[in-house]
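# Structural features, examined
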Amino acid sequence: MSFIVAIDGPAGSGKGSVTKLIAEKLNLHCIDTGAMYRCVALDMMNKGIKIDELEKINELLKNIDIVLDEENEKVFLNGQDVSKEIRSVEVTKIVSQVSAIKEVRLKLVEMQRKIAKDKDIIMEGRDITTVVFPNANVKIYLDADVEERARRRQKQNEEKNIKSTYEQVLEDMKKRDENDKNKEFGALKIAEDAIIFDSTGRTAEQSAKKLIKIIKEKKKQEELDKKVYEETKETAIKKIKLKIVKSVLYYVFYKIVYRIKVVNKEKVPKEGAYIICANHINMLDALAVVSSNKRLVRFICKESMFKKKILGWALKLANTIPINREKNDIESMKRTLKALKNGELVGIFPEGTRKGMEKNMKAKNGAAFFSLKTGTKVIPLGIQGSFKPFSKVKLVYGDPIDFSEYYGKEKDKEALEKVTDIIMDNIVMLTNKGK
Ligand code: DC
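Okay, so let's go over this structure. Because the structure is predicted, anything quoted here is derived from the model rather than measured. (Residues numbered from 1 in each chain as written. Predicted model: local features only at pLDDT ≥ 70, side-chain atom pairs only at ≥ 80, totals over all residues. Heavy atoms only, no water.)

## Considerations on the side chain of Ser-199
Under the convention used in this document: Helix and strand definitions follow DSSP, with helices as H or I runs of at least four residues and strands as E runs of at least two, each counted in order from the N terminus. In protein, a polar contact means a hydrogen-donor-capable atom and an acceptor-capable atom, both N or O and within 3.5 Å, with residues adjacent in sequence counting only if both atoms are side-chain atoms; elsewhere, any N or O pair within 3.5 Å suffices. We call two residues in contact whenever any of their non-hydrogen atoms come within 4.5 Å of each other.
Turning to its location among the elements, Ser-199 is positioned in the loop between strand E8 (195–198) and helix H9 (204–229). Among the polar contacts listed, one links the side chain of Ser-199 to the backbone oxygen of Ser-13, at a separation of 2.8 Å. With near-sequence residues (within four places) excluded, Ser-199 lies in contact with Ser-13, Leu-142, Asp-143, Ala-144, Glu-148, Arg-152 and Ser-207.

If you want it as structure tokens, here you go:
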């Protein structure tokens, strides 16, 4: 399976140079689709074909041969090196109109998909995230102020000995923005799930560095996701392993060493999405909940826990969702939302840290956020005991709490805090510390 990074953005946003840097660093094939539209425009110019001569354009498209020679950074049109000509002011002037012709777009989109087949690629243009590869693994919308974009383009022109003035470039750029955004076919749009990145005030290297980090993270997450959702031999073996490990953990480790007892097990429904919210007293409590449940509970756990040898292995086996609390971990959030939409059980410690309540720390709003955003009921769970070997550990489930009066209010801080308070009050009651 190929890995596709799609980048869209207006002219001069830095797509070209940023894309090249990313491609080099991540070993991806780099495809500049703007160069392809420029080739069509140049071919039309050379053959004296006007914008409205559709028949002639169709004929031209039938025979056109465009080769993007990545290694030598050259563009060939019908066997000729046109790397310089396609950047001329004349081509730049008409290319936006040319790229608005439906037949041109259909032909080039088809060519672009073909070029990318079975390769790991990064492709930049205007409609890559929305039309060419709407299912790309990573979608980026690269933007920058129009003045800065014009300055960059003028600098490029000077370097390439292309005659132009800043004012002229700025004027052209504004016109091209208008055309690119408003054309009927292949208009520049921001894909709903694109990462919007503003390159204003950043060098190409700085932008590339940040984006590489985002892409790497995404790749890592996708590999983890594959291990969860795809029905492969590997996931089938993992399921069997998990079943065995859960039984051993429960009947040998937790039953004998911690004399675990589960009260009100039946409060966890046999199917459907629920968020189990528990107090957090020991690093062994998540696995106590996981191993004692028939269904898989996917806890959200600190990334650092995964680094511990045996614990980390078991957490991975249980498809635990890692979270990096040092940053706004969007990927972790997306995976949790995906799990809930998929009808899974998610486990959260609202205290965020072990014995947060004892340390008088404020509970986190994460569980409330997920409940309100996805309309999921919360099952409170009180964990009692000290996790000292051979002392008793008790897991006490409460009734699922329905927060429907707050659903959709996940951005309202007051609603989030109220819901968090209710969750925490229920947990406290179940830990016997409520009285
Ligand atoms: O990125 P560029 O300036 O080289 O692009 C040249 C023109 O082609 C520009 O006006 C937008 C258009 N284009 C497009 O419509 N769709 C793409 N995927 C790439 C470029």
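## Digging into the sheet that holds E8
Basically, it comes down to this: Any two strands between which DSSP finds at least two bridges are classified as paired. Axis definition: a line fit to C-alpha positions, over the contact stretch in the case of helices; interaxial angles, taken between N-to-C directions, run 0 to 180 degrees.
One open sheet holds the five strands; their spatial order is E2-E6-E1-E7-E8, and the pairing between them is parallel. Bordering the open sheet on either side are strand E2 (29–32) and E8, each of which pairs with just one other strand. Taken over all neighbouring pairs, the strand axes of this sheet differ in orientation by 20 degrees on average, direction set aside.

## Details of the packing of helix H7 (residues 146–159) against helix H8 (residues 166–182)
Selection criterion: For classification, angles of less than 35 degrees are called roughly parallel, those exceeding 145 degrees roughly antiparallel, those between 65 and 115 degrees roughly perpendicular, and all remaining angles oblique. Two helices cross in a left-handed way if the nearer one is turned anticlockwise from the farther one by less than a right angle. They cross in a right-handed way if the turn is clockwise.
Contact pair H7 / H8: the axes reach a minimum separation of 9 Å and the direction vectors enclose 125 degrees. Classified by the angle their axes make, H7 and H8 are oblique. By crossing handedness, the relation of H7 to H8 is classed as right-handed. Residues Val-146, Glu-147, Arg-149, Ala-150, Arg-151, Arg-153, Gln-154 and Asn-157 of H7 form the contact with H8, whose participating residues are Tyr-166, Val-169, Leu-170, Met-173, Lys-174, Arg-176 and Asp-177.

## Re unusual backbone geometry
Most peptide bonds take the trans configuration, and most residues that are not glycine carry a negative phi. Unusually for a residue other than glycine, Asn-264 sits at a positive phi of about 65 degrees. The phi angle at Asn-360 is positive, at roughly 60 degrees, despite the residue not being glycine. With respect to the helices and strands, Asn-360 occurs in the loop between strand E13 (345–348) and helix H14 (366–374).

## Topic: helix H10 (residues 233–257)
Applicable threshold: Helix span is expected to be 1.5 Å times the residue number reduced by one. Bending is quantified residue by residue as the angle between axes fitted to the seven-residue window ending at that residue and the seven-residue window starting at it. With a 1.4 Å probe rolled over the protein chains alone, any residue whose accessible area is under 20% of its type maximum counts as buried; one over 50% counts as exposed, and the rest are partly exposed.
Over its 25 residues, H10 runs 34 Å from end to end, which matches the ideal 36 Å to within 8%, given 1.5 Å per residue. A bend of about 30 degrees at Leu-249 is the largest found in H10. Among all positions of H10, only Thr-235, Lys-238, Leu-242, Val-245, Lys-246, Leu-249, Tyr-250, Tyr-254 and Val-257 are buried. Where the residues of H10 are buried, they touch H9, strand E9 (261–263), helix H11 (285–292) and helix H12 (309–317). With its phi angle positive at about 45 degrees, Arg-259 sits one or two positions after the end of H10.

## So, the nonpolar core
Test applied: The term nonpolar core refers to a set of buried residues drawn from Ala, Val, Leu, Ile, Met, Phe, Trp, Tyr and Cys, joined through side-chain atoms within 4.5 Å.
Of all hydrophobic cores here, the largest spans 39 residues; its most connected members are Tyr-254, Ile-383 and Phe-387. Contributing elements (two or more residues each) for this core: H10, strand E10 (274–278), H11, strand E11 (297–302), H12, strand E14 (377–384) and strand E15 (394–397). Core analysis: the next-biggest nonpolar cluster, separate from the first, contains 36 residues, Leu-61, Val-82, Ala-116 and Ile-121 among them.

## Structural notes on the environment of Leu-311
Take Leu-311: it is sitting in helix H12. Spatially, the C-alpha atom of Leu-311 lies 8.7 Å from that of Leu-287, the residues being 24 residues apart in sequence. Not counting residues up to four positions away in its chain, the partners in contact with Leu-311 are Met-283, Leu-287 and Met-305.

## Side note on the sheet that holds strand E5 (residues 80–81)
An order of E3-E4-E5 is seen for the three strands of this open sheet, with the pairing classed as antiparallel. Where the open sheet ends on each side, the last strands, each with one partner, are strand E3 (66–69) and E5. Of the pairings in the sheet, the one linking E3 to strand E4 (residues 74–77) comprises four bridges and is antiparallel in character. Opposite Ile-66, over in E4, you have Leu-77 as the bridge partner.

## Focus: the pattern of salt bridges
This is how the line gets drawn: For this document, the term salt bridge refers to a Lys or Arg side-chain nitrogen within 4 Å of an Asp or Glu carboxyl oxygen.
Taken as a whole and assessed by the stated rule, the structure comprises 21 salt bridges. A salt bridge links Arg-298 to Glu-344; its shortest N-O distance comes to 3.0 Å. Of this pair, Arg-298 sits in strand E11 while Glu-344 is found in the loop between helix H13 (330–341) and E13, placing the two residues 46 residues apart along the sequence. The two residues Arg-298 and Glu-344 agree in class, both being buried. Close ionic contact of Lys-334 with Glu-331 constitutes a salt bridge, the shortest N to O distance being 3.8 Å. Pair noted here: Lys-334 and Glu-331 are both in helix H13, with a separation of three residues, about one helical turn. Residue Lys-334 is classed as partly exposed on the basis of its relative accessible area, which comes to 39%. Salt bridges here are not isolated pairs; linked through shared partners, they connect Arg-126, Asp-180 and Lys-183.

## Quick word on the state of the cysteines
Definition in use: Throughout, disulfides are identified as pairs of cysteine sulfur atoms within 2.5 Å of each other.
Throughout the structure, instances matching the rule amount to zero disulfides. Summary of cysteine pairing: Cys-30 is not part of a disulfide, and the nearest cysteine sulfur, belonging to Cys-39, is at 15 Å. Assessed through its relative accessible area of 18%, Cys-30 is described here as buried. Just so you know, Cys-277 is unpaired, no disulfide at all, and the nearest cysteine sulfur is the one on Cys-301, 13 Å from it. For Cys-277, a relative accessible area of 0% translates into the label buried.

Purely geometric numbers; function is a separate question.
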